[in-house]
Amino acid sequence: MLDDFFVRALIAGIGIAVMAGPLGCFVIWRRMAYFGDTMAHSALLGVALSLLLELNLMLSVFIVAAVVSVLLLFLQRRGALSTDALLGILSHSALSFGLVIVAFMTWVRIDLVGFLFGDILAVSESDIDIIWGGGILVIFAIVYLWRPLLASTVNPELAEAEGLKPERTRLFFMLLMALVIAIAMKIVGILLITSLLIIPAATARRFSTSPEVMAVLASVIGALAVTGGLFGSLHWDTPSGPSIVVDAVGLFVLSLLPIGRRPVEAAHHSTPGGHH
Amino acid sequence: MLNFRSPDTLPLVNISNAGVRRNGRWLVRGVEFSISPGEIVTLIGPNGSGKSTTAKAAIGVLKPDEGYVERKPGLKVGYVPQKLAVDWTLPLTVERLMTLTGPLKGREIEEALSATGVLHLAKAEVQHLSGGEFQRALLARAIARKPDLLVLDEPVQGVDFSGEIALYELIKQIRNRTGCGILLISHDLHIVMAETDTVVCLNGHVCCRGTPQAVSQSPEYQKLFGRRAANTLAVYSHHHDHTHLPDGRVLHADGSITEHCFPGDGHHHDDEENVHDHGEDCGCGHHTRLHGYDMKEKRDA
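Residues numbered from 1 in each chain as written. Chains lettered and ligands numbered in written order. Predicted model: local features only at pLDDT ≥ 70, side-chain atom pairs only at ≥ 80, totals over all residues.

## A short note on the sheet that holds strand 4 (residues 66-71) of chain B
Residue and element names in this part refer to chain B. Read from one edge of the open sheet, three strands run 2-1-4, paired in antiparallel fashion. Strands with a single pairing partner mark the edges of an open sheet, and in this sheet they are strand 2 (25-35) and strand 4. Pairwise comparison of adjacent strand axes, ignoring direction, gives a mean angle of 25° for this sheet. Note: strand 1 (residues 13-22) against strand 4, five bridges, orientation antiparallel. In the strand pairing of strand 4, Ser 16 is matched with Tyr 68. Of the strands in this sheet, strand 1, strand 2 and strand 4 touch helix 1 (residues 51-59), which is tilted by about 125° from strand 1. (Pairing = 2+ DSSP bridges. Helix = DSSP H or I, 4+ residues; strand = E, 2+ residues; numbered from the N terminus. Axes fitted to C-alpha atoms, helices over the stretch in contact; angles between N-to-C directions. Contact = placed C-beta atoms within 7 Å.)

Right under this line is the structure:
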């Protein structure tokens, strides 16, 4: 059955959606969407370097994404520019450096569109092994780090004061992000990885009563989006990444419709007590 | 009243001549105090005087850039930060907030929530709470951990006067029942909790320290606050030997003006004669360091 490229893509895509769910929740809780984008864009530099130095593709993407995130932490500490501006600089410079290096390597022919927007034809059996192996690793890591991650998301100083290690947790979180980006790149494409992190999580928010429920729901919604998107991609011959994102957005819009919404508790205070 | 301060009890936290520096500026310097089990220490001072910084240094969130902070090994801290913003995208009920930093039994959660009077809000999302309700939920979370040291950064902010009295009552009960040490940051410069053992007044350094004067003893205050409040609140009279000028310089009691007011500044304290011209209540950090003048010992003696 795994001979069929479509089945391979489906298995791979669902694996990615499952690990992207909880991680994506943290991305939106911590307001790190743009940060995720920057790491993802740096993946193209990773692709270029892997071709240039003949390194393993995923490993090279993972290393570049991790280096970029550490670089950002370092630049943030210096505090010369706002995080916003730093992210813009890092994101686009990594993307452009990648494209320029690729252009210089006239001896390699690469499917740039495939890297940028995903290519379901590119999924091999060994990719599936890596995706599910990496996925299980990511899920275990998140379960293990859940309490410190959540506590430092709410308030890093509170977490630090009560004996959890927010700095170390943050570093692990970034490595997990880099890992997911390296793994997900083939299916969703560099430009759209963050949407697979964010959109299912945002969709899950409305139906969630606890952080844990939201994380699981985001995985489920992501898997639905991947499945629908891949079928659409096959049917209309569209690139897999954008198809998945279009489907995810469709689910998100559905979640906004006031169907089955609990009545708004009018009696509740409209002021959120200064914590917004 | 239980007395937890026996001479051989190790302090939970001992801060010695500590200073925290950010971007080349001292946020606070020359801080000295300790918190023993069962002791309530209240930090007061104007905005930006380094109260929160001092509290963070005490619990290890900030590392002091000079001096040292010693904590009892294995110290368990319960912390209520001054500002806590929960993003609306995070679905977090009061009940779930309780186990944020560590597991708790259902009974412990209930006890803590009913102690602060927000048990009925257990299932509510924290983003829907009013300022006062949220503050009570945070306090419940901090006490449910059964900490050795409770650090409360302006715990009564957003709480009305009557609620403030009730929270101070509760803090007193927690201290009496569990014998934990409490570091309290007050938003008010003159009114502190009556049970406070030591008040430390900060303005970039320790300006003065002492014990509050019970309101209940003064009929005027009793009239002003009402009887219930009079038993809970106390007035702290400052005894400063210097004034902070608007431009940041410091005018000392002897008329000299210095750029700063911290230990080792090389100002009038070089002149031994001028040093002890202020009340017993003053415990400027510089005196403590330069002359080994220990306020607490002297007061207890």
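There is more to say, and it comes next.
## Section: helix 9 (residues 193-205) of chain A
Compared with an ideal rise of 1.5 Å per residue, which puts 13 residues at 18 Å, helix 9 of chain A spans 19 Å between its outermost C-alpha atoms and is within 8% of the ideal. Buried positions along helix 9 of chain A lie against helix 1 (5-29), helix 2 (33-53), helix 8 (166-188), helix 10 (211-236) and helix 11 (240-256) of chain A. (Expected span 1.5 Å × (residues − 1).)

## Notes on the nonpolar core
For soluble globular proteins, the rule of thumb is that nonpolar side chains tend to be buried together. Formed by 164 residues in total, the largest nonpolar core has its most connected members in Leu 23, Ala 65, Val 180, Ile 181, Ala 184 and Leu 196 of chain A together with Val 151 of chain B. Per-domain counts for this core show at least three residues from each of domain 1 (13-76 + 147-300) and domain 2 (87-146) of chain B. If we ignore the near neighbours within four places in the chain, the residues touching Val 151 of chain B are Ala 161 of chain A together with Ala 55, Ala 58, Ile 59, Val 77, Tyr 79 and Leu 183 of chain B. (Core = buried A, V, L, I, M, F, W, Y, C linked by C-beta atoms within 7 Å. Buried ≥ 20, exposed ≤ 12 C-beta atoms within 10 Å, placed from the backbone. Domains from an automatic or database assignment.)

## Overview of the pairing of strand 1 of chain B
Residues and elements named next belong to chain B. Note: strand 1 against strand 2, seven bridges, orientation antiparallel. Paired with Val 20 across the two strands is Val 28, which belongs to strand 2. Between strand 1 and strand 2, which pair antiparallel in sequence order, lie two residues; one of them, Asn 23, sits at a positive phi of approximately 50°.

## Re the domain arrangement of chain B
All names here are of chain B. Partitioning chain B into structural domains gives domain 1 (13-76 + 147-300) and domain 2 (87-146). Tallying the contact residues gives 12 residues for domain 1 and 10 residues for domain 2. A breakdown of the residues in the side of domain 1 that touches domain 2 according to their chemical character gives six nonpolar, four polar and two charged. (Nonpolar A, V, L, I, M, F, W, Y, C, P; charged D, E, K, R; others polar.)

## So, the interface of chain B and chain A
Each partner contributes residues to the interface: chain B has 26 residues there, and chain A has 28 residues. Grouping the constituent residues of the side of chain B that touches chain A by class yields 15 nonpolar, eight polar and three charged.

## Details of the environment of His 190 of chain B
With respect to the secondary-structure elements, His 190 of chain B resides in the loop between strand 7 (181-185) and strand 8 (191-193). Separated by 63 residues in the primary sequence, His 190 of chain B and Gln 127 of chain B place their C-alpha atoms 32 Å from one another.

## Details of the sheet that holds strand 6 (residues 149-153) of chain B
Residue and element names in this part refer to chain B. Taking strand neighbours across the sheet as the criterion, the six strands line up as 5-6-7-3-9-10 in an open arrangement whose pairing is mixed. With one partner strand each, in any of the chains shown, strand 5 (77-80) and strand 10 (206-210) form the two edges of the open sheet. Averaged over all pairs of adjacent strands, the angle between strand axes in this sheet comes to 15°, irrespective of strand direction. In this sheet, strand 7 lies alongside strand 6 in parallel orientation, the contact comprising five bridges. Paired with Leu 149 across the strands is Gly 181, a residue of strand 7.

## Observations regarding the pairing of strand 6 of chain B
Residue and element names in this part refer to chain B. Burial within strand 6 is extensive, with five of its five residues counted as buried. Going residue by residue along strand 6, you find Leu 149, Val 151 and Asp 153 tucked away on one face and Leu 150 and Leu 152 tucked away on the opposite face as well. Crossover handedness for the path strand 6 to helix 5 (residues 161-178) to strand 7: right-handed. (Right-handed = clockwise from strand over helix to strand, strands pointing away.)

## Things to note about the packing of helix 3 (residues 57-78) of chain A against helix 8 of chain A
Residue and element names in this part refer to chain A. Packing of helix 3 against helix 8 brings their axes to within 8 Å, and their N-to-C directions diverge by 145°. Between helix 3 and helix 8 lies a crossing of right-handed hand. The residues of helix 8 that touch helix 3, namely those facing Met 58, Val 61, Phe 62, Ala 65, Ala 66 and Ser 69, are Met 174, Leu 175, Ala 178, Leu 179, Ile 181, Ala 182, Ile 183 and Met 185. The residue makeup of the contact of helix 3 with helix 8, split by class, is 13 nonpolar, one polar and no charged. (Left-handed = near helix turned anticlockwise from the far one by under 90°.)

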